[in-house]
Amino acid sequence: MGEIEGTYRVLQTPGSRLGVQKNSGVSTLEPGQNLSTAMSSPAKTHEKDLQVKIKMLDNTVEVLDIESKYYGQALLTEVYKHLNLNESDYFGIEFQNIQSYWIWLEPMKPVIKQVRRPKTTMLRLAVKFFPPDPGQLQEEYTRYLFALQIKRDLAEERLTCSDNTAALLISHLLQSEIGDFDESEDREHLKTNQYLPNQERIQGKILEFHRKHVGQTPAESDFQVLEIARKLEMYGIRFHLASDREGTKINLAVSHMGVLVFQGNTKINTFNWSKVRKLSFKRKRFLIKLHPEGPYQDTLEFLLGSRDECKNFWKICVEYHTFFRLFDQPKPKAKAVFFTRGSSFRYSGRTQKQLVDYIKDSGMRKTPYERRHSKVRVSTHASNTDVPKQSVAFTEGLRTPGSPASATVPFHSFHSSATPTTVLPIFAETSPSSLDPRVPYTRIPEKNTAAPVEETGRKSMQQPGSPTFQSFQGLPVDHSQLSSLVLKSPLGLNTVFQVNLNAAGQGSSPLLSPVLSDAGGARIEEDDEMKRKRYPTDKAYFIAKEILATERTYLKDLEVITVWFRSAVIKENAMPEGLMTLLFSNIDPIYEFHRGFLKEIEQRLSLWEGRTNAHMKGDYQRIGDVMLRNMRTLKEFTSYLQKHDEVLTELEKATKRLKKLEMVYKEFELQKVCYLPLNTFLLKPIQRLMHYKLILGRLCKHYTAEHRDFADCRNALKEVTEMTSQLQHSLIRLENFQKLTELQHDLIGIDNLTAPGREFIREGCLYKLTKKGLQQRMFFLFSDMLLYTSKGVTGTNQFKIHGHLPLHGMLVEESENEWAVPHCFTIYSAQKTIVVAASTRLEMGKWMEDLNMAIEMAKKSTEKSDTLLDNSVCNRSNRSSDEVSLEQESEDDIHSSRSSLDRQSHHRANTTMHVCWYRNTSVSMTDHSVAVENQLSGYLLRKFKNSNGWQKLWVVFTNFCLFFYKTHQDDYPLASLPLLGYAVSSPVEADGIQKDYVFKLQFKSHVYFFRAESKYTFERWMEVIKRATSSPARSSLLLPQDKKDSHSD
């Protein structure tokens, strides 16, 4: 074995963990030497005896006379001085080597030692570091050069995107270069200037978009170009051809967030800097060592074309990490006296933090610069001016006070007149599909205020004083006179949005503040205390308030189907007429009923709180009459609810049969509004009846028999109990079918998981004993078989099946003593024997109990599981998966083969399966059923472990997960927190919490505090989280065989 040739230890940085000691990295500068003095060697001056040609970003070629022993930094300094460029560290000079791939010029080496034939080689200036948000570029001139880089990437087909996005980008470039729209001039310009290969096919779209940019200055156009480009998956991406351990061809790239893996143009994995421990290369092998999770260490290996290519990519990774993740310029590294081992390469420029501070502190002067291709006007580059401020979404980078993550970055462009600027919508491509005109997006200029909130989608109502700004397609916005906007929803309903422009006192964008930071939360505390004192204190009021809160969430869930999914299938004409009628004729009447029901509850709670008609409030401090009236009406919809069985089955059949519908279905699940698997929302109407039954039961238990509201509540409970008894059997069957179809999408290697008679019992993480030790595997227990899988590095994030064991004839034994492995048990089946270990003794108990119970039921079953296995398990490797022996299976199996990309679909990181994988736990069907009963919504105050203030958030608990919203009117969550593995408790004295009704959530070192408004609400949150996240081992919900009414394909 040879030595590692280059290594770079990714130490903890302020970018990855706040509050730890600063680490400044390593450099090759001598002690006492700085960058400028290092570049002045050799001491003797030489005559300028070498001409170097450099192509600038505007495609002009500059010839510089340099000395033959010039270092790279000296040449870079000359170029930056020539351009009068201040934010120079974002840029670099690149050239093609003999193998024709691009290399960055290194500052610390002589030019002639890097460029073989400097007289004939064309060097070119290019953007080296792409920040995640153009708002971090503080000078107009820098943004102009970045826009030219985007133009170059489009022309060279590096920046791949949809036709709509490409047309929009080119239209802004046209506006910057030739000014306002003139059709004949535009066509002539496009004839002589090639922005995109074969641009003629989208010329009509380019002209259509350009027509909308009238009055937009070149500087504004540059910013729009960057705003659109930065949302594209290929923004700033430079591919390096490689292959994985299995020989699958992939592309490696590096960005501000970490190392990326692509298959074709599809990103299939991201290794964030915070998870990377070490980067190294050895000949052609590039190695990524991750921080260990679980009982094993992750080391990923990729093979590049040659040693030089591998070293080149390693250097780029080192530079990207240092630039975006460290505070300071790396300190000098003491040189070895006798021997050196491996490459000593380190980044030697300024970090982004240093660059931002330098620009801010130096108070940049206004320097004129020339837009070489622009026929419009000459601009001035400056930073301390007042054009639209942009909120900075700095996801993976510096997270420090005063850094771009916590502040808006001002910039300026000069207008020719004082007229308010018209701001038009920008479209950003967030998925492989083309741009969706229903989701417009814009930023509205506002002087000396906090950054306006960036929102997408439809809002049903806007609270007065909200910082949310909206603008819509084709609707010009005059921000000096704006008072309200009107949006048509996909159903054609008009919704009026009140917009408050007096934003001086508002908080920062909810995309940054409500969940991802704790700034600005304390200010709501006193107001909330005052409101709490004014509200009724009766427990019945808080129960009624729970009905209101959960009804709001339920209606939003129905809108996912009735509004958003309907719009998606109609737009693409993807669903057959018969299925459209079946689906929407069943759910639309239910949705309309609940809209009216919600209004009634809101009115009643308003009267109960005394906000209106205060003199009548005594008659309205009850909810039973409203519930009784509406439960009786809801009984009329029982026939619709009984058809949900057919709807779910037919939808699943159609998605298998029709490729277009399958694609629309999968793309819809990518949207933020679809925060759970889509078919989950179809079960919500029946599940909601169960919620009414539980809530009404609590009301009846609270009231005395003499209370005026008791009789109505008891009668309403009878009505809803009658409905649930009719639908209970159907709900259990549907929940099982929904879980099987969800798993069908998540697993590679099985084609008919929804076979008749099969029931889901438990899923979770176990460690399987192999030749190389314990390997993490995901196990799935069904009524007829046990599957085990691993998570592959694929674009679909699916799990690949490694083996399946029929339950018929299976035996399970505890075997800790035999193998000397904690929580270990052995599974004997007809074909093979496997040894597995659970993370805790409780987990082992759950698995063994469910396995033994399922084995007993399989014995009694008249149908043998072999029939199901033969029909369902897909044999992709032309051999039985039972032949995979303990010795043959190894960690290499975690990399899925190319066939894993056959079925592309998206999977959220907080699905139950993925949470079980990362938290080393398991979930049974019983747990899922209990979780359905324990859904809850409402406003909570949230506080981090080390923060001062509390923030008010709308919180929804469902599917073992907390979803966070700014308000209950939002269409999609800002963030989520999967709770499997978390413990819920009351704060202890050491936590320093002096407030009432606070509960604490903790998983390892992750601690959150949540504060409820009343004792009842506090107890309810504690109850539902405890029941749904820390269930003891118990038997699964299996129906007797003779009573099943199973689904088939």
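The rules behind each value
Residue numbers run consecutively from 1 along every chain, following the written order of its sequence. Where totals are concerned, whole chains, interfaces and linings use all residues; where local detail is concerned, this predicted model gives features only for residues with pLDDT of at least 70, and gives and counts side-chain atom pairs only at 80 or more. The basis for every side-chain value is the complete set of non-hydrogen atoms in the structure, without hydrogens or water. The helix and strand labels rest on DSSP assignments: H or I over at least four residues marks a helix, E over at least two residues marks a strand, and numbering proceeds from the N terminus. Exposure categories follow from relative accessible area, calculated using a 1.4 Å probe and restricted to protein chains: below 20% of the type maximum is buried, above 50% is exposed, and the middle band is partly exposed. Here a residue-residue contact requires only that any non-hydrogen atoms of the pair lie within 4.5 Å. Only the protein chains shown count as cover for residues, with accessible areas throughout obtained via the Shrake-Rupley method and a probe of 1.4 Å. At least two bridges found by DSSP between two strands is the condition for calling them paired. In this analysis an axis means a line fitted to C-alpha atoms, helices contributing only their contacting stretch, and an angle means the value between N-to-C directions, from 0 to 180 degrees. Each aromatic pair joins two rings of Phe, Tyr and Trp (for Trp, the six-membered one) with centres within 6.5 Å, and gets the label stacked for planes under 30 degrees apart, edge-to-face for over 60, and tilted for any other angle. Among the buried residues, those of types Ala, Val, Leu, Ile, Met, Phe, Trp, Tyr and Cys that are joined through side-chain atoms within 4.5 Å form a nonpolar core. Working definition: roughly parallel below 35 degrees, roughly antiparallel above 145 degrees, roughly perpendicular at 65 to 115 degrees, and oblique for all remaining angles. We call a crossing left-handed when the near helix sits turned anticlockwise from the far one by less than a right angle, and right-handed when that turn is clockwise. Each residue carries a pLDDT score, the predictor's confidence in it, ranging from 0 to 100.

K.L.:
Help me get a handle on the overall build of the protein, residues and values and all.
P.N.:
In terms of regular secondary structure, the protein is built from 24 helices and 35 strands. Residue burial in the protein is summarised as follows: out of 1049 residues, 58% are buried. Excluding contacts between residues fewer than 6 apart, the proportion of contacts in the protein whose partners are at least 24 apart in sequence is 68%. Of the accessible surface of the protein, which amounts to about 44600 Å², a share of 50% is contributed by carbon and sulfur atoms.

K.L.:
Any details on the environment of Arg-283? Residues and values, ideally.
P.N.:
Tracing the chain through its elements places Arg-283 in the loop between strand E12 (276–282) and strand E13 (285–290). On the basis of relative accessible area, Arg-283 is assigned to the partly exposed category, the value being 46%. Separated by 28 residues in sequence, Arg-283 and Lys-311 place their C-alpha atoms 8.1 Å apart.

K.L.:
Pulling in residues and values, what's your account of the sheet that holds strand E32 (residues 975–978)?
P.N.:
Read across the sheet, 7 strands follow the order E32-E31-E30-E29-E35-E34-E33 without closing on themselves; strand pairing throughout is antiparallel. Each edge of the sheet is formed by a strand with only one pairing partner; in this case those strands are E32 and strand E33 (983–985). For this sheet, the mean inter-axis angle between neighbouring strands, taken without regard to orientation, is 35°. In this sheet, E32 lies alongside strand E31 (residues 961–965) in antiparallel orientation, the contact comprising 4 bridges. Looking across to E32, one finds that Cys-961 is bridged to Pro-978.

K.L.:
Report on the packing of aromatic side chains, specifying residues and quantitative values.
P.N.:
Taken as a whole and judged by the stated rule, the model has 35 aromatic pairs. Ring centres of Phe-130 and Tyr-235 lie 5.3 Å apart, and the angle between their planes is 80°; this geometry places the pair in the edge-to-face category. Here the residue Phe-130 occupies a position in the loop between strand E7 (122–127) and helix H3 (140–155), and Tyr-235 occupies one in the loop between helix H7 (218–229) and strand E8 (240–243), the gap between them amounting to 105 residues. Like Tyr-235, Phe-130 is buried.

K.L.:
Any details on the pairing of E7? Residues and values, ideally.
P.N.:
With 5 of 6 residues buried, E7 lies mostly within the body of the structure. Two elements, strand E5 (residues 91–96) and E7, share 4 bridges in a ladder whose sense is antiparallel. Residue Phe-91 lies in a different strand from E7, and its bridge partner there is Val-127.

K.L.:
Any chance you could break down the nonpolar core for me, citing the residues and the numbers?
P.N.:
Ranked by size, the top nonpolar core spans 99 residues in total, and within it Leu-75, Phe-91, Leu-279, Phe-286 and Ile-288 carry the most contacts. When residues in this core are grouped by element, the largest group, 9 residues, is from helix H8 (residues 307–325). Each residue touching Leu-75, except ones within four places of it in the same chain, is listed here: Val-52, Ile-54, Leu-64, Ile-66, Tyr-70, Ile-93, Leu-105, Val-111 and Leu-123.

K.L.:
Go over unusual backbone geometry, please, and point to the residues and values.
P.N.:
For His-823, which is not glycine, the phi torsion reads 55° and is therefore positive. Note on placement: His-823 falls in the loop between helix H19 (816–819) and strand E26 (824–828). A positive phi angle, near 60°, is found at Asn-959, a position not held by glycine.

K.L.:
Which residues make up the packing of helix H5 (residues 183–192) against helix H6 (residues 203–210), and what values do they have?
P.N.:
Packed helices, taken two at a time, are described by the angle their axes make and the gap between the axes. Across the interface, H5 lies against H6 with an axial gap of 11 Å and an inter-helix angle of 135°. The orientation of H5 relative to H6 falls into the category oblique. Considering how the two elements wind past one another, H5 and H6 form a crossing that is right-handed. Side by side, H5 and H6 meet where Glu-183, Asp-186, Arg-187 and Leu-190 of the first sit next to Gln-203, Ile-206, Leu-207 and His-210 of the second.

K.L.:
Talk me through the pairing of E5; I want residue IDs and the actual numbers.
P.N.:
Along E5, 5 of the 6 residues are buried, which leaves the element largely enclosed by surrounding structure. In this antiparallel pair of consecutive strands, E5 and strand E6 (residues 102–104), the connection spans 5 residues, and Ser-100 shows a positive phi of 70°.

K.L.:
Describe the confidence of the model for the protein, with residues and values.
P.N.:
Here the protein shows a mean pLDDT of 74. Residues at 70 or above account for 69%. No element of the protein has a lower mean pLDDT than strand E18 (residues 484–488), which averages 33, and none a higher one than E7, which averages 94. Throughout residues 864–907 the model reports pLDDT below 50, and contacts reaching past four residues in sequence, or to other chains, amount to 115 contacts. This stretch, residues 1033–1049, has a pLDDT under 50; its non-local contacts, to residues over four places away or in other chains, come to 52 contacts.

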